[in-house]
Amino acid sequence: MAVNISSTISPFLLQQKPVSSYFPALQQQVYGQPLIYFDNAATTQKPKSVIDAIVRYYSTINSNVHRGVHYLSQQATEASEETRRRVARFIHARHAHEIIFTRGTTESINLVAYAYGKYALKPGDNVVISAMEHHSNIVPWQIACEDRGASLRVIPMNDRGELLIDELDHLLDERTRILAITWISNSLGTLNPIEEIIQKAHQFDIPVLIDAAQAAPHMPIDVQTIDCDFLVFSGHKMYGPTGIGILYGKEKWLEQMPPYQGGGEMIKSVRFEKTEYNDLPFKFEAGTPHIEGTVCLQAAIDFLESLPLHKAFAYEQQLLEYATQQMSQIPGLRIIGQAQHKASILSFIIENTHPYDVGVLLDKMGIAVRTGHHCTQPVMDFFGIPGTVRVSLAVYNTPSEIDRLVTCLDKAVSMLK
Ligand code: PLP
């Protein structure tokens, strides 16, 4: 099927300039070639507005939050709390205090696995995840299950990389305490039908955690419409700073969960006999937070909203379709992950070549891709492969970059054969 996409298309409202011109890191050359950056699922490049916000933060309001009476501290506190309100609006949370700042998706999931696990998991209970989870949505649950005498159950998938949702009818029962699942698979690109999954879980009153690490940079999120109980994502994958992540949790769960870490900020009063914990959201934010990252996440949200996200999603879908079509022409190339519904990620292997060698050769031609298991070893085991080459798309990628990738892949394959 022909895809109607031209190499000059720029669907954005950003003053008609190519989106990449807003990203200083994309203006450089590597090994004498213009950089083409296809490692966006690992981390995205940052628009100048985010970089400027970081410089502005340290040049003006840098100060510790919540503790100071002085001007700078009040400004930094207000800016951090404004981010909380912005994030709440960005994902349509009911309350700003349902937004907890963490270091990233990994810490958000660990927080829930620890604190919700301590609150809810008893011997004989079970936790349900899926066959395509990132290690950060597997290992914290394994630890929690081991600690609490619970067991882990896994929703299987087919060889197209689609979850067998009907299996939930057997996997969920009255001892299931939580279902934790990714929205978009970071190694297969599968876009999971999370609304259907959430509805099935809620029939048993089972709360659902959505790993939105790969969804937040690409599509609008409305936590009230999808009705998830927890949702987690990372700032650095959505054009924002590293070291800042989000945990959204429904107030009713967060209120009941014990703290994750102890220290300053998460307390109301401390006596040697007894400590009284702070209210939400601070109960879960012990110690000095990543203030710069928190404040500057606002600039990333501004960028995403300026696209706006639903247009970015449509554009990236076209780009993915185009890439799939073009790359399928390469002899011996096998796409890993052929789900009917996919987003932004194209993983593949090429007959008689190792993904690592392909990645190294592409790098020398100025193209950044990721190779390996992508922190999803069970997925690689399922397909019986050591790893894949992964092309992950962002809003600044273009069809002409895909064309160059195909040319360079052809070259790499002929060098390796
Ligand atoms: N979940 C998914 C689906 C991911 O793709 C990633 C990172 O690649 C993570 C979780 C972990 O994110 P972070 O390393 O930002 O904590």
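Details of the structure are given in the entry above.
Residues numbered from 1 in each chain as written. Predicted model: local features only at pLDDT ≥ 70, side-chain atom pairs only at ≥ 80, totals over all residues. Heavy atoms only, no water.

A. Representation of the packing of helix 1 (residues 48–59) against helix 9 (residues 291–306) within the structure. Between helix 1 and helix 9, whose axes approach to 9 Å, the crossing angle comes to 140°. The two elements helix 1 and helix 9 cross, and the hand of that crossing is right-handed. Where helix 1 approaches helix 9, its residues Ser-49, Val-50, Ala-53, Ile-54, Tyr-57 and Tyr-58 are matched on the opposing element by Ile-291, Glu-292, Val-295, Cys-296, Ala-299 and Ala-300. A breakdown of the residues in the contact of helix 1 with helix 9 according to their chemical character gives 10 nonpolar, 1 polar and 1 charged. (Axes fitted to C-alpha atoms, helices over the stretch in contact; angles between N-to-C directions. Helix = DSSP H or I, 4+ residues; strand = E, 2+ residues; numbered from the N terminus. Left-handed = near helix turned anticlockwise from the far one by under 90°. Contact = heavy atoms within 4.5 Å. Nonpolar A, V, L, I, M, F, W, Y, C, P; charged D, E, K, R; others polar.)

B. Representation of the packing of aromatic side chains. Applying the stated criterion across every chain yields a total of 11 aromatic pairs. Pairing Tyr-239 with Tyr-396 gives two aromatic rings, centres 6.0 Å apart and planes at 80°, and the pair type is edge-to-face. Here Tyr-239 is found in the loop between strand 9 (230–234) and strand 10 (245–249), whereas its partner Tyr-396 is found in the loop between strand 17 (388–392) and helix 13 (399–416), with 157 residues between them in sequence. When its relative accessible area of 1% is taken as the criterion, Tyr-239 is described as buried. One aromatic cluster in this structure is built from Phe-23, Tyr-239, Phe-303 and Tyr-396. (Phe/Tyr/Trp six-rings, centres within 6.5 Å; stacked < 30°, edge-to-face > 60°. Buried < 20%, exposed > 50% of the residue type's maximum accessible area, 1.4 Å probe, protein only.)

C. Summary view of the pattern of salt bridges. Applying the stated criterion to the full structure yields 20 salt bridges. Across the pair Asp-39 and Arg-390 runs a salt bridge whose closest N-O atoms are separated by 3.7 Å. Of the two residues, Asp-39 is situated in the loop between strand 3 (36–37) and helix 1 and Arg-390 in strand 17; the sequence distance between them amounts to 351 residues. Across this residue pair, the class does not change: Asp-39 and Arg-390 are buried. Within the structure, one salt-bridge network assembled from shared partners comprises Glu-78, Glu-82, Arg-85 and Arg-89. (Salt bridge = Lys/Arg side-chain N within 4 Å of Asp/Glu carboxyl O.)

D. Summary view of the sheet that holds strand 10. Here 7 strands make up an open sheet; going across it, the order is 4-10-9-8-7-5-6 and the pairing mixed. In the strand order of this sheet, the two ends are held by strand 4 (99–102) and strand 6 (151–155), each with one partner. Averaged over neighbouring strand pairs, the angle between their axes works out to 20° when direction is ignored. Bridge count between strand 7 (residues 176–182) and strand 8 (residues 208–211): 4 bridges; the pairing is parallel. Bridging across to strand 8, Ile-181 finds its partner in Ile-210. Against the sheet, helix 4 (residues 139–148) contacts strand 5 (126–130), strand 6, strand 7 and strand 8, and its axis sits at roughly 145° relative to strand 6. (Pairing = 2+ DSSP bridges.)

E. Seen up close, the nonpolar core. In this structure, Ile-91, Ile-99, Leu-179, Trp-183, Ile-210, Leu-231 and Phe-233 are the most contacted members of the largest nonpolar core, which totals 81 residues. No fewer than three residues from each of domain 1 (6–46 + 308–416) and domain 2 (51–306) sit in this core. Not counting the four nearest positions on each side in its chain, Leu-179 is found in contact with Val-128, Leu-168, Leu-172, Ile-197, Ala-201, Ile-206, Pro-207, Val-208 and Leu-209. Listed in part, the 30 residues of the second largest apolar core include Ile-36, Ile-330, Ile-335 and Ile-367. (Core = buried A, V, L, I, M, F, W, Y, C linked by side-chain atoms within 4.5 Å. Domains from an automatic or database assignment.)

F. Region of the structure containing the site of the ligand. In the vicinity of the ligand there are 13 residues, among which Thr-106, Asp-211, Gln-214, Ser-234 and Lys-237 approach most closely. In the model, an oxygen atom of the ligand is placed 3.4 Å from a nitrogen or oxygen of the Thr-105 main chain. Contacts to the ligand include Ser-234, whose side-chain N or O atom sits 2.7 Å from an oxygen atom. Protein coverage of the free-state accessible area of the ligand, which is 400 Å², stands at 86%. Residue classes in the shell around the ligand are distributed as 2 nonpolar, 9 polar and 2 charged. (Near = heavy atom within 4 Å. Polar contact = N/O pair within 3.5 Å; in protein donor to acceptor, adjacent residues only side chain to side chain. Areas by Shrake-Rupley, 256 points an atom, 1.4 Å probe, with all protein chains shown as cover.)

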